[in-house]
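# Overview (structure and organization)
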Amino acid sequence: MNLQFYGAARTVTGSMHLLSVNGKQILLDCGLYQGKREEAFQRNRHFPFKPESIDAVILSHAHIDHSGNIPTLVRKGYNGPIYSTPATRDLCSAMLQDSAHLQEKDTEFVNRKRAKKQQPLFNPLYNRKDALNAIQLFRTVAFDKPLEISQGVTVTFRKAGHILGAAMVELQLKEGGHSKTLVFTGDIGRKEMPVLPDPYCFEKTDLLLMETTYGNRLHKPEENVDARLIELMNEAVKNKSKIIIPAFAVDRTQTFVYRLNKLCKDGLCPNIPIYVDSPLALNVTQIYRLHPECLDEDALDFLEKNGDPFGFEKLHYTHTVEESMALNNKKGPMIIISASGMCEGGRILHHLRNNIQDPKNIILMIGYAAEHTLGKRIIEKDPIVKIFGEPVELNAKVVVMNNFSGHADKNELLDFLKCFKEKPEKMILVHGDETQSLSFAETLQTLGYKDVAVPKENEVINF
């Protein structure tokens, strides 16, 4: 048995790990790589293996850096099953089609500029038909229900608490008279966060394949979040300005909207309209409503007492391109929540281009942004950033609030490990920038974890 690491190895994007057992090839996640444009262009188009050689795909959750390159895999010859939870399948149905749409539109936009310069034109990574072909291959498995997917391979999905339907993957493996338990965490959520349940508590495993997005970082204390949000809204009302919020269409938007809903229900919101300008976020929110079995007790209680957690009087969802474009002509105050969270595509780019140069406006970053993304450059307050390839001045006020992160921080990752009654025989750390993963490995070694690996891309680890 072995694992080979083709993505999210000393980086946080492009999750893709290949498990070899009993002569079968099982791919854990198949995410889009996001980062430097030329590198991402090449990596996402060219797999380091033959797609038709893969026997099964197991998907931890629907975030694009974990699921977003499945249509390319299918386009290039994969035709086997894709195992996920029901909510993940429903989210992917919306998200992969949206990703295909963005691939086509962004390529069209870039090609217009390349044509003027008489440069070769690009093709989109994949199209909507490819996404639909991929969705047909999904096979859903409920939480906590073991399923044998191949000889000697049984998969059980456990709640990760990261986004709707997100799972940690527990694999019981048997090969040549040897038995091993492998747990792949996917992305680990946080305890006592709104909307979603706490992560599952494992008691033991032989091999733990663990994410380290926040391996050496701590989230800021939670208690001042509501006060800070109210302060920012009042500032926008006073200055008649706009608050632009890049937010992942899945989970981050719903969690943020739910929080605003509770503030408004308590009479703490000023008179400011709130717009969710993302077709995907609209579709995803409807999927959240279809899966109450994935919500936590607080959200279910709110639903019973107050109705829709994701809809209230001040909140408006845009439905058309015309409604989206009209926001550019509206004067503040207003809040615009739009995808994507890392500012690497979607309508948020248009809102940033139209508002980023006005010092009265506020850009509120509420999530993680990988290195070399526009979101990261905004967080670092680069004075000049590029949007659609054109340089623009970053004059707007930038506010960063990591309290909405769906990723466990360093202490929360260590708390997750405390559930285990026995330390795993071997730990493999992935899905973290190199400094985060290596730092967390050092922490684990000081705590008595003897076999901790931080694999490089293409590295093979036997177990």
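Just above, that's the structure.
Nothing here was measured: the structure is a model prediction, and the numbers come from that model.

Turning our eyes to something else, we now look at the overall build of the protein. Within the protein, the regular secondary structure consists of 14 helices and 22 strands. Taking 23 Å as the expected radius of gyration for a compact globule of 463 residues, we find that the protein reaches 22 Å, a close match to that expectation. By its C-alpha atoms, the protein is 70 × 55 × 40 Å across when sized along the principal axes. Expressed as a percentage of the 463 residues in the protein, the buried residues total 59%. Sequence separation of at least 24 residues holds for 76% of the intrachain contacts in the protein that already meet a minimum separation of 6.

Another point: the pairing of strand E7 (residues 147–150). Of the strand pairs in this sheet, E7 and strand E8 (residues 153–159) are connected by 3 bridges, and their pairing is antiparallel. Bridging across to E8, Glu148 finds its partner in Thr154. The antiparallel pairing of E7 with E8 creates a hairpin that spans 2 residues between the two strands, and Gly152 there sits at a positive phi of about 80°.

Checked against the element boundaries, Pro455 lands in the loop between strand E21 (452–453) and strand E22 (460–462). Filtering out sequence-adjacent residues up to four positions away, Pro455 remains in contact with Phe5, Ala9, Arg10, Ile428, Leu429, Val430 and Ile461.

Before going further, it helps to examine the nonpolar core. Ile58, Leu171, Met210, Ile337, Leu364 and Leu417 are the most contacted members of the largest nonpolar core, which totals 131 residues. Counting 21 residues, the second largest nonpolar core, distinct from the first, contains Leu352, Leu374, Ile378 and Ala396.

Turning our eyes to something else, we now look at helix H6 (residues 225–239). Counted at 1.5 Å a residue, the expected span for H6 with its 15 residues is 21 Å, and the 21 Å between its end C-alpha atoms agrees. Considered for burial, the residues of H6 that qualify are Val225, Leu229, Ile230, Leu232, Met233 and Ala236. The buried residues of H6 occupy an angular sector of 160° when the element is viewed end-on, so they sit on one face. Lys240 sits one or two residues past H6 and shows a positive phi near 50°.

Quick look at the pattern of salt bridges now. Enumeration according to the criterion identifies 22 salt bridges in this entry. Note that Lys113 and Glu390 form a salt bridge whose closest N and O atoms lie 2.8 Å from each other. One end of the pair, Lys113, is in helix H4 (residues 86–116); the other, Glu390, is in strand E18 (residues 390–393), and 277 residues separate them in sequence. Arg190 is paired through a salt bridge with Glu412; the nearest N and O atoms lie 3.2 Å apart. Of this pair, Arg190 sits in the loop between strand E10 (178–184) and strand E11 (207–211) while Glu412 sits in helix H13 (residues 410–418), and the two are 222 residues apart along the sequence. Exposure remark for Arg190: the relative accessible area of 7% places this residue in the buried category. Under the relative-accessibility criterion, Glu412 is labelled partly exposed at 22%.

This part is about the sheet that holds E21. Reading across the sheet, the 7 strands line up as E7-E8-E9-E10-E11-E20-E21 and stay open at both edges, with mixed pairing between neighbours. Across the chains shown, the open sheet's two edge strands, defined by having one partner strand only, are E7 and E21. With 7 bridges connecting them, E8 and strand E9 (residues 167–175) associate as antiparallel partners. The residue of E9 that forms the bridge with Arg158 is Met168. The sheet strands contacting H13 are E9, E11 and strand E20 (426–430), and the helix crosses E11 at an angle near 160°.

Moving on, we get to unusual backbone geometry. Of the consecutive residues Gly332 and Pro333, the connecting peptide bond is found in the cis state with omega at 10°. Within the secondary structure, Pro333 is located in the loop between helix H10 (321–326) and strand E15 (334–338). Here the bond from Ala339 into Ser340 is cis, since omega is 15°, no more than 30 degrees from zero. Relative to the helices and strands, Ser340 is located in the loop between E15 and helix H11 (348–355). Of note, Val195 is a non-glycine position whose phi angle comes to about 85°, a positive value.

Once that is clear, we can look at the packing of helix H7 (residues 252–265) against helix H9 (residues 297–306). Their axes nearest at 13 Å, the elements H7 and H9 cross at an angle of 45°. With respect to H9, the element H7 is oriented oblique. For the pair H7 and H9, the sense of crossing is left-handed. On the side of H7, the interface is formed by Tyr258, Asn261, Lys262 and Lys265, while H9 contributes Asp298, Ala299, Phe302 and Asn306.

Turning to the packing of aromatic side chains, a few remarks are in order. Two aromatic rings, taken as a pair, are described by how far apart their centres are and by the angle between their planes. Under the definition given, this model contains 11 aromatic pairs. When the centroid spacing of 6.1 Å and the interplanar angle of 10° are considered together, the rings of Phe202 and Phe420 count as stacked. With Phe202 in the loop between E10 and E11 and Phe420 in the loop between H13 and E20, the pair connects residues that are 218 residues apart, well separated along the chain. Residue Phe420 is classed as buried on the basis of its relative accessible area, which comes to 8%. Ring plane angle 85° and centroid distance 5.8 Å describe the contact between Phe416 and Phe420, whose orientation is recorded as edge-to-face.

Rules behind the numbers
- Residues numbered from 1 in each chain as written.
- Predicted model: local features only at pLDDT ≥ 70, side-chain atom pairs only at ≥ 80, totals over all residues.
- Heavy atoms only, no water.
- Helix = DSSP H or I, 4+ residues; strand = E, 2+ residues; numbered from the N terminus.
- Rg over C-alpha atoms; globule rule 2.2 N^0.38 Å.
- Buried < 20%, exposed > 50% of the residue type's maximum accessible area, 1.4 Å probe, protein only.
- Contact = heavy atoms within 4.5 Å.
- Pairing = 2+ DSSP bridges.
- Core = buried A, V, L, I, M, F, W, Y, C linked by side-chain atoms within 4.5 Å.
- Expected span 1.5 Å × (residues − 1).
- Arc of directions from axis to C-beta.
- Salt bridge = Lys/Arg side-chain N within 4 Å of Asp/Glu carboxyl O.
- Axes fitted to C-alpha atoms, helices over the stretch in contact; angles between N-to-C directions.
- Parallel < 35°, antiparallel > 145°, perpendicular 65-115°, else oblique.
- Left-handed = near helix turned anticlockwise from the far one by under 90°.
- Phe/Tyr/Trp six-rings, centres within 6.5 Å; stacked < 30°, edge-to-face > 60°.

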